[in-house]
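If you want the building blocks of each chain, they are given just below.
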Amino acid sequence: MSAASTGEPMGKTVSAAYDAALEVIAAVEPRVAQATRQELADQRSSLKLIASENYASPAVLLTMGTWFSDKYAEGTVGHRFYAACQNVDTVEALAAEHARELFGAPYAYAQPHSGIDANLVAFWSILANRVETPALAEKGVRNVNELTEDDWETLRKRFGEQRLLGMSLDAGGHLTHGFRPNISGKMFHQQQYGTDPTTGLLDYDAVAAKAREFKPLVLVAGYSAYPRRVDFARMREIADEVGAVLMVDMAHFAGLVAGKVFTGDEDPVPHAHVVTTTTHKSLRGPRGGLVLAQEEFAADVDRGCPMVLGGPLSHVMAAKAVALAEARQPAFQTYAQAIADNAKALAEGFLTRDATLVTGGTDNHLVLLDVSSYGLTGRQAESALLEAGVVTNRNSVPRDPNGAWYTSGVRLGTPALTTRGFGPAEFDTVASMIVEVLSQTQPGTTKAGGPSKASYVLADGVADRVRARSAELLAANPLYPGLELG
Ligand code: DSN
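The shown structure was predicted, so the numbers you read here are calculated from the model rather than taken from an experiment.

Visitor: Help me get a handle on the overall build of the chain, residues and values and all.
Guide: Looking only at helices and strands, the chain features 20 helices and 17 strands. Here the chain has a C-alpha radius of gyration of 23 Å; the compact-globule value for 486 residues is 23 Å, and the two agree. Each of the three principal axes of the chain carries a C-alpha extent, and together these read 75 × 55 × 45 Å. Relative to its full complement of 486 residues, the chain shows a buried share of 56%. Partitioning the intrachain contacts of the chain with sequence separation of at least 6 by distance along the chain shows that 73% fall at a separation of at least 24. Side chains of the chain give 43 positive and 55 negative charges; the mean places of these two sets differ by 3 Å.

Visitor: Can you explain the sheet that holds strand E8 (residues 245–249)? Please cite residues and give values.
Guide: The strand order across the open sheet formed by 7 strands is E4-E10-E9-E8-E7-E5-E6, and the pairing between neighbours is mixed. The sheet terminates laterally at strand E4 (107–109) and strand E6 (189–193), the two strands that pair on one side only. Put simply, the sheet's adjacent strands are angled 20 degrees from each other on average, direction ignored. Of the pairings in the sheet, the one linking E4 to strand E10 (residues 289–293) comprises 3 bridges and is antiparallel in character. Within E10, the residue paired with tyrosine 107 across the bridge is alanine 293.

Visitor: Quick rundown of the pairing of strand E5 (residues 163–167)? Include the residues and the values.
Guide: In terms of burial, E5 is a largely internal element, 4 of the 5 residues being buried. Across 2 bridges, the pairing between E5 and strand E7 (residues 218–222) is parallel. Counterpart to leucine 165 in the pairing with E7 is leucine 219.

Visitor: If you had to explain the site of the ligand to someone new, which residues and values would you point to?
Guide: Around the ligand, a shell composed of Ser52, His174, Ser224, His252, Lys281 and Arg411 is seen. At 2.7 Å, a side-chain N or O of histidine 174 approaches an oxygen atom of the ligand. Side-chain polar atom of histidine 252 to an oxygen atom of the ligand: 2.7 Å apart, as the coordinates give it. About the coverage of the ligand: the protein hides 61% of its 230 Å² of free accessible area.

Visitor: Go over helix H4 (residues 86–103), please, and point to the residues and values.
Guide: Given a rise of 1.5 Å per residue, 18 residues ought to cover 26 Å, and the 26 Å separating the end C-alpha atoms of H4 matches this to within 8%. Those residues of H4 that fall on the buried side of the exposure criterion are Val88, Asp89, Val91, Glu92, Ala95, Ala96, His98, Ala99, Leu102 and Phe103. Summarising the contacts, the buried residues of H4 are in contact with strand E2 (75–76), strand E3 (79–80), E4, helix H11 (254–258), E10 and helix H14 (314–327).

Visitor: Quick one: what's the story with the environment of alanine 122, residue by residue and with numbers?
Guide: Examined against the element boundaries, alanine 122 turns out to sit in helix H5 (residues 115–130). Classification of alanine 122 as buried rests on a relative accessible area of 0%. Remark: the alpha-carbon pair of alanine 122 and glutamate 92, spanning 30 residues in sequence, is separated by 18 Å. Leaving out residues up to four positions away in the same chain, alanine 122 has contacts with Met247, Val274 and Thr276.

Visitor: Give me the lowdown on the state of the cysteines, citing residues and values where you can.
Guide: Disulfides are covalent bonds that connect the sulfur atoms of two cysteines. Applying the stated rule across the entire model yields 0 disulfides. Of the cysteine sulfurs around cysteine 305, a residue in no disulfide, the closest is that of cysteine 85, at 10 Å.

Visitor: I'd like to hear about the environment of glutamate 382, residue by residue, with values.
Guide: With respect to the helices, strands and loops of the structure, glutamate 382 is situated in helix H16 (residues 378–387). The sequence separation of glutamate 382 and asparagine 393 amounts to 11 residues, and the corresponding C-alpha distance is 6.0 Å. Only 2.8 Å separates the side chain of glutamate 382 from the backbone nitrogen of arginine 394, close enough to count as a polar contact.

Visitor: Tell me what's going on with the sheet that holds strand E12 (residues 366–370), and back it up with residues and numbers.
Guide: With respect to topology, 4 strands assemble into an open sheet ordered E11-E12-E15-E14, the strand pairing being antiparallel. If you trace the sheet from one side to the other, it starts and ends with strand E11 (356–357) and strand E14 (393–395), each paired once. Relative to E12, helix H15 (residues 330–351) is tilted by about 20 degrees, and along the sheet it contacts E11, E12 and strand E15 (409–413). On the sheet, H16 packs against E14 and E15 and is oriented at approximately 50 degrees with respect to E15.

Visitor: Pulling in residues and values, what's your account of the pattern of salt bridges?
Guide: Two side chains carrying opposite charge are able to pair once their charged atoms lie near each other. Summed over the entire model, instances satisfying the criterion amount to 21 salt bridges. A salt bridge links aspartate 151 to lysine 139; the nearest nitrogen and oxygen atoms lie 2.5 Å apart. One end of the pair, aspartate 151, is in helix H7 (residues 149–159); the other, lysine 139, is in helix H6 (residues 134–139), and 12 residues separate them in sequence. When the shortest N-O distance is used, the salt bridge between arginine 303 and aspartate 300 registers 2.9 Å. You'll find arginine 303 and aspartate 300 in the same group, each marked buried. When salt bridges with common partners are traced through the structure, they connect Arg80, Asp89 and Glu92 into a single cluster.

Visitor: An account of the packing of H15 against helix H19 (residues 424–439) is requested, with residue identities and associated values reported.
Guide: Put simply, H15 and H19 touch, their axes get as near as 8 Å, and they point 35 degrees apart. The handedness of the crossing between H15 and H19 is right-handed. Contacts between H15 and H19 pair Asn342, Ala345, Leu346, Gly349 and Phe350 from the former with Pro424, Phe427, Asp428, Val430, Ala431, Ile434 and Val435 from the latter. Along the lines of polarity and charge, the residues of the contact of H15 with H19 split into 9 nonpolar, 2 polar and 1 charged.

Visitor: Just give me the short version of the packing of aromatic side chains, but keep the residues and values in it.
Guide: By the definition in use, this model includes 10 aromatic pairs. Between phenylalanine 123 and phenylalanine 188, the ring centres sit 5.2 Å apart and the planes meet at 70 degrees, which makes this aromatic pair edge-to-face. One end of the pair, phenylalanine 123, is in helix H5; the other, phenylalanine 188, is in the loop between helix H8 (183–187) and E6, and 65 residues separate them in sequence. By the burial criterion, phenylalanine 123 is buried, and phenylalanine 188 matches it. Centre to centre, the rings of tryptophan 152 and phenylalanine 159 are 6.2 Å apart; their planes meet at 80 degrees, and the pair counts as edge-to-face. The residues tryptophan 152 and phenylalanine 159 share a single accessibility class, namely buried. Among the aromatic residues, those joined into a ring-pair cluster are Tyr223, Tyr226, Phe232, Phe253 and Phe262. Against the face of tyrosine 55 rests lysine 48, its NZ or CZ located 4.4 Å from the ring centre. The side chain of arginine 394 reaches across the aromatic face of tryptophan 405, ending 4.5 Å from its centre.

Criteria and cut-off values
Residue numbers here run from 1 along each chain, matching the order of that chain's written sequence. Note on the predicted model: pLDDT of at least 70 is required for a residue's local features to be given, and 80 or more for side-chain atom pairs to be given and counted; whole-chain, interface and lining totals, by contrast, use all residues. Excluding hydrogens and water, the side-chain figures rest on all heavy atoms present in the structure. A helix here means a DSSP run of H or I that spans at least four residues, while a strand means a run of E at least two residues long, and both kinds are numbered starting from the N terminus. The globule rule is 2.2 Å times the number of residues to the power 0.38, and the radius of gyration it is compared with is taken over C-alpha atoms. For each residue, the accessible area found with a 1.4 Å probe, counting protein chains only, is set against the maximum for its type, and the residue is called buried under 20%, exposed over 50%, and partly exposed in between. By definition in these notes, contact holds between two residues if any of their heavy atoms fall within 4.5 Å. Asp and Glu are treated as the negative residues and Lys and Arg as the positive ones, with His and the ends of the chain left uncounted. Here the site of a charge means NZ on Lys, CZ on Arg, CG on Asp, or CD on Glu. DSSP calls a pair of strands paired once it identifies at least 2 bridges connecting them. Here the axes come from fitting lines to C-alpha atoms, over the contacting stretch only for helices, and the angles between their N-to-C directions go from 0 to 180 degrees. By convention in this text, a residue qualifies as near a molecule or strand provided that one of its non-hydrogen atoms is within 4 Å of it. Polar contacts here mean pairs of N or O atoms no more than 3.5 Å apart (in protein, one a potential hydrogen donor and the other a potential acceptor; neighbouring residues in sequence count only if both atoms are side-chain atoms). Note on areas: Shrake-Rupley with a 1.4 Å probe; residue coverage comes only from the protein chains shown. Multiplying 1.5 Å by the residue count of a helix minus one yields the expected span of that helix. Cysteine sulfur pairs qualify as disulfides if the two atoms are within 2.5 Å. In what follows, salt bridge is the name for a side-chain nitrogen of Lys or Arg lying within 4 Å of a carboxyl oxygen of Asp or Glu. By definition, any crossing whose near helix is turned counterclockwise from its far helix by less than a right angle is left-handed, and any crossing with a clockwise turn is right-handed. For this scheme, ten residues count as nonpolar: Ala, Val, Leu, Ile, Met, Phe, Trp, Tyr, Cys and Pro. Four count as charged, namely Asp, Glu, Lys and Arg, and the remainder, Gly too, count as polar. Geometry of aromatic contacts follows a simple scheme: Phe, Tyr and Trp rings, the Trp one being its six-membered ring, pair when their centres are within 6.5 Å, and the pair is stacked under 30 degrees between planes, edge-to-face over 60, tilted otherwise. Criterion for a charge above a ring: Lys NZ or Arg CZ within 6 Å of the ring centre, and within 35 degrees of the ring normal.

Everything listed here is a matter of geometry and, on its own, says nothing about what the molecule does.
In structure tokens form, the structure reads like this:
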């Protein structure tokens, strides 16, 4: 593990920093200080398998707790709507520089507060850059700031006619990829592509056929719950064939791109027009977002704030700079490879114990377990696992009969426990513990005595047994070793 990771023993300095911070907080609102202590204790004592979570380094965490939080800095580096932004300029420029270097991107924008925000910035930049009107074409105007009110009247109508094609939520796509209840499914006419009903894999020919028929302005690739790699070169071919912009949301696998596990056709950055990500998942940074873009989109991405974003979170941009600097260290590549190796071991652990996995395995950082073979809904499985100290989240499987609330799946990711130092042997044990819980859980009944999709009955003794086993694994792979709170 690198010095940047949370697995490296940390000295008295970090302990003293947190002790002092908690003392200051406790003097104002002791319950917040207590909840903060408790959160560390809870995270230390549970098996965190939520695929979108991780443990940021103390350097990243400490960077967020400073007076940068107090500064307004709308605008861009060197071009702010507020005075005295010279230090914000420094940290924002550093975050963008590290992002460009790490991902090999021509342009990076570090301001988005989250993944949804990053995607909104991307949508805006694509609309502003690509939607044509007769007046615009005649004048040759591409800068939306130079439009007259009449031009805007036409452009507003044209914005409302645009189409987006993204991966469906139950196939593993994200809410913001055109799912109807999300703003992305309302601001665009949307259609969704899914996965092959037999293999569970993306069928690029089917995506291409849909794109030819639908002719989207935006083709979105990327996922939150698809356990496989994507051929972004092929997705770009599809986009080019129909004149679409390829936007890739790499929030889940940005760490695997940064760590050079996904290269060539599996690296979205050289293939996509615009790439968005969060910084807190496999990338192991602070909670936030990032947009990478080809030069032609840069000016419109730069208008993200105040177009769709509130004032940038300068303290978080500073922490993004620190996290991205960590991700540029060679040790991050070792970490990223371990994420993928561990996911394979987890999948193998399930398959040898006759569990059902969507797509039959994984080649990224996550595994999607279909729990219907245990006679359970995802909600029941998630709750039973939590009782045994295993933190997961329920997730739809393709064409899920239980819908997005109860679901039929549980999504499991390896980034967080890999940070703690878990390896393939530990992940095999984790698979055995999960199978032990699920195979000894029965669906419960409703108050009226009917079948319930939520309640469950876990056999006596299982939770205690699994918790004891997990305590051994966690003790051998401590979170923030050396961090002792007084
Ligand atoms: N909520 C994130 C996840 O869990 O995948 C995506 O936004």
